[in-house]
Number of protein chains: 2
Amino acid sequence: MSGLRRAAARAWGPPRALRAFSARPRDRIVETVGKLLQTKAQLETEEGKKNFILKTPKETLTGKYGEDSKLIYDLKDQGGELLSLRYDLTVPFARYLAMNKITNIKRYHIAKVYRRDNPVMTRGRYREFYQCDFDIAGQCDPMIPDAECLKIIHEILSALQLGNFLIKVNDRRILSGVFAACGVPESKLQAACSTVDKLNKMTWEDVKNEMVGEKGLTPEAADLIGEYVKLHGGLDLVEQLLQDPRLSHNKLAGEGLRDMKLLFEYLMLFGIVDKISFDLSLARGLNYYTGVIYEAVLIQQQNDRVEELVDVGSVAGGGRYDGLVGMFDSKRQKVPCVGVSIGIERIFSIVNCKVKASKEKIRTTETQVLVAAPQKHFLAARLKLISELWDAGIKAEMLYRENPKLLKQLHYCEDTGIPLAAIIGEQELKDGVVKLRDVATRQEVDIPRQKLLEEIRRRLES
Amino acid sequence: MSGLRRAAARAWGPPRALRAFSARPRDRIVETVGKLLQTKAQLETEEGKKNFILKTPKETLTGKYGEDSKLIYDLKDQGGELLSLRYDLTVPFARYLAMNKITNIKRYHIAKVYRRDNPVMTRGRYREFYQCDFDIAGQCDPMIPDAECLKIIHEILSALQLGNFLIKVNDRRILSGVFAACGVPESKLQAACSTVDKLNKMTWEDVKNEMVGEKGLTPEAADLIGEYVKLHGGLDLVEQLLQDPRLSHNKLAGEGLRDMKLLFEYLMLFGIVDKISFDLSLARGLNYYTGVIYEAVLIQQQNDRVEELVDVGSVAGGGRYDGLVGMFDSKRQKVPCVGVSIGIERIFSIVNCKVKASKEKIRTTETQVLVAAPQKHFLAARLKLISELWDAGIKAEMLYRENPKLLKQLHYCEDTGIPLAAIIGEQELKDGVVKLRDVATRQEVDIPRQKLLEEIRRRLES
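Residues numbered from 1 in each chain as written. Chains lettered and ligands numbered in written order. Predicted model: local features only at pLDDT ≥ 70, side-chain atom pairs only at ≥ 80, totals over all residues. Heavy atoms only, no water.

## Looking at the environment of L379(A)
Here is step 1: Assignment of secondary structure puts L379(A) in helix α14 (residues 379–391).
Here is step 2: Sequence separation between L379(A) and P404(A) is 25 residues; the distance between their C-alpha atoms is 9.3 Å.
Here is step 3: Ignoring sequence-local partners within four residues, the contact set of L379(A) consists of M398(A), R401(A), E402(A), I144(B) and Y266(B). (Helix = DSSP H or I, 4+ residues; strand = E, 2+ residues; numbered from the N terminus. Contact = heavy atoms within 4.5 Å.)

## Description of unusual backbone geometry
Here is step 1: Of note, R332(A) is a non-glycine position whose phi angle comes to about 60 degrees, a positive value.
Here is step 2: One can find R332(A) in the loop between α12 (324–328) and β11 (337–343).
Here is step 3: Located in the positive-phi region is H377(B), a residue other than glycine, with phi close to 65 degrees.
Here is step 4: Note that H377(B) resides in the loop between β12 (369–372) and α14 (379–391).
Here is step 5: We classify H377(B) as exposed; its relative accessible area is 69%. (Buried < 20%, exposed > 50% of the residue type's maximum accessible area, 1.4 Å probe, protein only.)

## A few points about the UniProt feature "binding site: L-histidine" (unreviewed entry) in chain A
Residue and element names in this part refer to chain A.
Here is step 1: Under the present numbering, the feature "binding site: L-histidine" (unreviewed entry) in UniProt falls on D88, L89, T90, R115, Q131, D135, R284, Y288 and Y289.
Here is step 2: In this fold, L89 is placed in the loop between β2 (82–84) and α3 (90–99).
Here is step 3: L89 gets classed as buried once you look at its relative accessible area, which sits at 1%.
Here is step 4: Excluding its chain neighbours within four sequence positions, the residues that come into contact with L89 are R107, H109, A111, K112, V113, Q131 and D133.
Here is step 5: Within the secondary structure layout, T90 lies in helix α3.
Here is step 6: Residue classification places T90 among the buried positions, given a relative accessible area of 5%. (UniProt positions renumbered as here; feature names shortened; annotations may be inferred.)

## Remarks on the pattern of salt bridges
Here is step 1: One pass over the structure, following the stated rule, counts 52 salt bridges over all chains.
Here is step 2: Between D259(A) and R173(A) there is a salt bridge, with its nearest N and O atoms 3.0 Å apart. Remark: R173(A) occurs in helix α5 (residues 172–181) and D259(A) occurs in helix α11 (residues 251–269); sequence separation between them is 86 residues. Residue D259(A) shares its accessibility class with R173(A), and that shared class is buried.
Here is step 3: In this structure, D171(B) and R173(B) form a salt bridge, with 2.8 Å as the shortest nitrogen-oxygen distance. Taken individually, D171(B) and R173(B) each receive the classification buried, so the pair is uniform in this respect.
Here is step 4: Each of D171(A), R173(A), K251(A), E255(A) and D259(A) takes part in one network of salt bridges that share partners. (Salt bridge = Lys/Arg side-chain N within 4 Å of Asp/Glu carboxyl O.)

## Things to note about the pairing of strand β16 (residues 444–448) of chain A
Residue and element names in this part refer to chain A.
Here is step 1: For strand β15 (residues 433–438) and β16, the ladder comprises five bridges, and the chain directions are antiparallel. Pairing of R437 across the sheet is with E444, part of β16.
Here is step 2: In sequence, β15 turns back onto β16 through a hairpin of five residues, with R442 there showing a positive phi of about 65 degrees. (Pairing = 2+ DSSP bridges.)

## Topic: the confidence of the model for chain A
Residues and elements named next belong to chain A.
Here is step 1: Residues of chain A with pLDDT of at least 70 account for 79%, and the chain-wide mean is 83.
Here is step 2: Contacts from residues 1–23, a stretch scored under 50 in pLDDT, to residues over four places away or in other chains number 125 contacts.
Here is step 3: Confidence drops under a pLDDT of 50 for residues 45–58, and excluding neighbours within four residues, the segment shows 21 contacts in the predicted structure. (pLDDT = per-residue confidence, 0-100.)

## Points about the sheet that holds strand β14 (residues 420–423) of chain B
Residue and element names in this part refer to chain B.
Here is step 1: Reading across from one edge, β13-β12-β14-β15-β16 is the order of the five strands in this open sheet, with mixed pairing throughout. Either end of the sheet is taken by a strand with one partner, and the two such strands are β13 (396–397) and β16 (444–448).
Here is step 2: Pairing of β12 with β13, which is carried by two bridges, proceeds in the parallel orientation. Paired with V369 across the strands is A396, a residue of β13.
Here is step 3: Strand contacts of α14: β12, β13, β14 and β15 (433–438), with the helix running at about 160 degrees to β12, the strand carrying the most contacts.
Here is step 4: This element, helix α15 (residues 406–416), spans β12, β13, β14 and β15 of the sheet and lies at about 175 degrees to β12. (Axes fitted to C-alpha atoms, helices over the stretch in contact; angles between N-to-C directions.)

## A look at the sheet that holds strand β13 (residues 396–397) of chain A
Residues and elements named next belong to chain A.
Here is step 1: Spatially, β13-β12-β14-β15-β16 is the arrangement adopted by the five strands of the open sheet, whose pairing is mixed. Strand pairing shows two members of the sheet lacking a second neighbour, β13 and β16, which therefore form its edges.
Here is step 2: Pairing of strand β14 (residues 420–423) with β15 involves four bridges; the strand directions are antiparallel. Note on β15: the bridge partner recorded for A421 is R437.
Here is step 3: Against the sheet, helix α15 (residues 406–416) makes contact with β12 (369–372), β13, β14 and β15, and its axis sits at roughly 175 degrees relative to β12, the strand it touches most.

## Let's talk about the packing of helix α5 (residues 172–181) of chain B against helix α11 (residues 251–269) of chain B
Residue and element names in this part refer to chain B.
Here is step 1: One way to put it is that α5 packs onto α11 with a least axis distance of 7 Å and a crossing angle of 140 degrees. One way to sum up the angle between α5 and α11 is to call them oblique. α5 and α11 meet at a crossing whose hand is left-handed. Residue-level contacts link R173, I174, S176 and G177 of α5 to L252, A253, E255, G256, L257, D259 and M260 of α11.
Here is step 2: Per-class residue counts for the contact of α5 with α11 are five nonpolar, three polar and three charged. (Parallel < 35°, antiparallel > 145°, perpendicular 65-115°, else oblique. Left-handed = near helix turned anticlockwise from the far one by under 90°. Nonpolar A, V, L, I, M, F, W, Y, C, P; charged D, E, K, R; others polar.)

## Some remarks on the side chain of R437(B)
Here is step 1: Here R437(B) lies in strand β15.
Here is step 2: In this structure R437(B) touches L410(B), P419(B), L420(B), A421(B), I423(B), R442(B), Q443(B) and E444(B), once residues within four positions along its chain are discounted.

## Considering the pairing of β12(B)
Moving residue by residue along a regular strand, the side chains alternate between the two faces of the sheet.
Residues and elements named next belong to chain B.
Here is step 1: Of the two faces of β12, the one lined by V369 and V371 and the one lined by L370 and A372 are each fully buried.
Here is step 2: You can see the chain leave β12, run along α14 and come back into β13, and the turn it takes is right-handed.
Here is step 3: One ladder, built from four bridges, connects β12 with β14; its direction is parallel. Considered in β14, the bridge of L370 is made with A421. (Right-handed = clockwise from strand over helix to strand, strands pointing away.)

## Here's the deal with helix α4 (residues 144–159) of chain B
All names here are of chain B.
Here is step 1: For α4, which comprises 16 residues, the first-to-last C-alpha distance of 23 Å matches the rise-based estimate of 22 Å (1.5 Å per residue) to within 8%.
Here is step 2: With 14 of its 16 residues buried, α4 lies for the most part within the structure.
Here is step 3: Downstream of α4 by a residue or two, Q161 has a phi angle that is positive, lying close to 50 degrees. (Expected span 1.5 Å × (residues − 1).)

## What to know about the packing of aromatic side chains
Here is step 1: One pass over the full model with this rule turns up six aromatic pairs over all chains.
Here is step 2: With centroids separated by 5.0 Å and ring planes inclined at 65 degrees, the aromatic side chains of Y288(A) and Y289(A) adopt a geometry described as edge-to-face.
Here is step 3: Under the relative-accessibility criterion, Y288(A) is labelled buried at 7%.
Here is step 4: Through a chain of ring-to-ring contacts, the aromatic side chains of Y288(A), Y289(A) and Y321(A) assemble into a single cluster.
Here is step 5: One Lys or Arg, K275(B), reaches over the ring of F165(B) and ends 5.1 Å from the middle of that ring. (Phe/Tyr/Trp six-rings, centres within 6.5 Å; stacked < 30°, edge-to-face > 60°. Lys NZ or Arg CZ within 6 Å of the ring centre and 35° of its normal.)

## Side note on helix α13 (residues 344–358) of chain B
All names here are of chain B.
Here is step 1: In this model, α13 (15 residues) spans 21 Å end to end at C-alpha, consistent with the 21 Å of a helix rising 1.5 Å per residue.
Here is step 2: When α13 is considered as a whole, its buried residues turn out to be I344, E345, I347, F348, S349, I350, V351, N352 and V355.
Here is step 3: Remark: K359 follows α13 within two positions and exhibits a positive phi of approximately 55 degrees.

Structure follows, in structure tokens:
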């Protein structure tokens, strides 16, 4: 399938500590060890024999999240040092790069983050939740890695079959240019950004009131901003704004718009431009973004109107943050970065709703064969048989009882959806066969013991 | 391969939140969502529509770890509540079962745990590290799930090819019986256990001194214990102790020994008894064990002598803990459990040493194809081609530059071990072909564009 191998190919360096988990404990361990080896090998070759110091709990989260900082969980350790739980995976990633002098890396990471927010279980909002991050760090030509991030969001959301979605894109430089052109002073820019970011939850009137009342903008500036932030479209809108007399004098806006044009060209080559909307109301609250920003939302087509499903909020988001790594580096050396965060629980809550609506039953195990016995005193025979199946890589289970009733064993198959039962009793043992039962059809066939593995594999494949 | 599917088959219920990660971010998300769905589905069917409250940070770790409690990281949250980082995955698992009234489950979990210990990087000892836990909870007939846990340790350590290993087994009830038979009062049993557990790091003299000096045992009791804890062997030793007059009067010891005999029978059926050593010096420090305990160590065969590699300590361990879930349940309802913990970093440090010694080079990416261009102004062609490869599931990369030099692109393949380069330039575009280069042999062949995917797949398979 698409994307399967390609995404992995994107991870080109350390830390790959969380990259390649497979679906089974043994293999997850084999793979985890492999990844750590790879990380270490690369740290040693590319970065020299530098000391790799792990001081993860002492996170420096302050001043990275703007207004969202209030959501950080603060803790105090025994030595009296201030400790916090990580708010996202981006800031720890940037700190990792700076600490290890890594200037070139591509990796993904799935892990928990913590926010002191109001949990809403039904919408997949928790205080402790998983994020999946993908980031590309390093000096690159404009918008090439940025376009790849959008391609990945597109690929993931398509694969998950969540329904129709839209990826809104904007650029912090364009926003800055718009705000400056509307007469917002530099000092109020970040605050104004945070307010614009609330446009999908609040009406324009409320946003304007907050801008004027709380953030100290003039009503004229706010109205002018209102004209811009309602704009959204494609390459045509980019072209239109490139001609806009107010923006054309603004250096930042010009850069942002020219890069946006480039981005659209690349997204066209990637064949995903139909899901992209250049949206001037997209601001994203976090302080650390410096260039392109994006957010994926699910949409519903209703009577020719496209409606955003605001219930769950965005399911993925990210952008370019060229200054963050430098903030952790003693020499302030910058490492340009661009990345994506996927919200696992939000996606889960959507998929869960869909499954509920479809009344589909979901199997809770992957067991392929139940090893069963029809008579008492066949525990040894069951243990021997299950061991053979396990050693052959077949997912097998048996009831943890010395003498379970056959009916109980067969009911267990039906309840948990196990497709096959391998039954061994007195007669089977005597005949050197195993009775293979198709749980759905209830058909039973005696299979010679030496042909059992082959027959089970054949049935599982068909 | 063996164990691949079988281990997954063992996971039969919630929480499977960490069960089925695959190797790619997209699929990891698809799978994570799937697992959460399964968990939720099962919680809803089996356990009714109970409210599932997440209060993970408020762990109750006190009184679970005996002397090791001093290693717990303590934190204080903003509200003044006492908080700690989890010390292992067993106690949180038990709490989860109790909170959700789960009486039957099999699952694995790979996650970080925290210990306020002295880190030794070279030996894979960290304050923050991964554990992989596998547990079977529920009412079962004696030693059936216990034997399965040992089978899993055997399978994992064999698959990792760490070299020769030994799984020491003992039983808390046998130890209790031995201590009682040696005249140790009930009140000093746990303390004496902790001291015996240090036998692989300390000489018997030092252990004895600690027993007598610190733990208040009589020298006679300590000497008698010394006679027992030096014993190790197989089924023969179990039989011998079953005849031991001192132990035969002790109810607990009798139960433990009869179960140990059963365990050996099952392990023989599983074909792993040659790696098992019934070792009376194995005590394991943690308070919560109630029955069989085990620990896997790596061994070296030197001049007919088997030596334990004490440098890394044990690589896996576990046992039966029938009382832990009940401690979290308001009605003290017990759920018998048995489980295994695998130490990822310790295993990694061993594999790393082996790889270093072998001077084997480890690839740090899985990229199969680099999309390259020999001339300037072929960024669009590269983007289009890489998008096709990605969509077809091929792991492809390209340099994030508009006009990289061909030599630089080919060097990148050689440095990172990418086996194939797909080169597209003026001539190739004109001819409707892509030049496919075998990086190792430097052979290049023009492949018609419509046959490219097929040819790449063919080459990657061979």
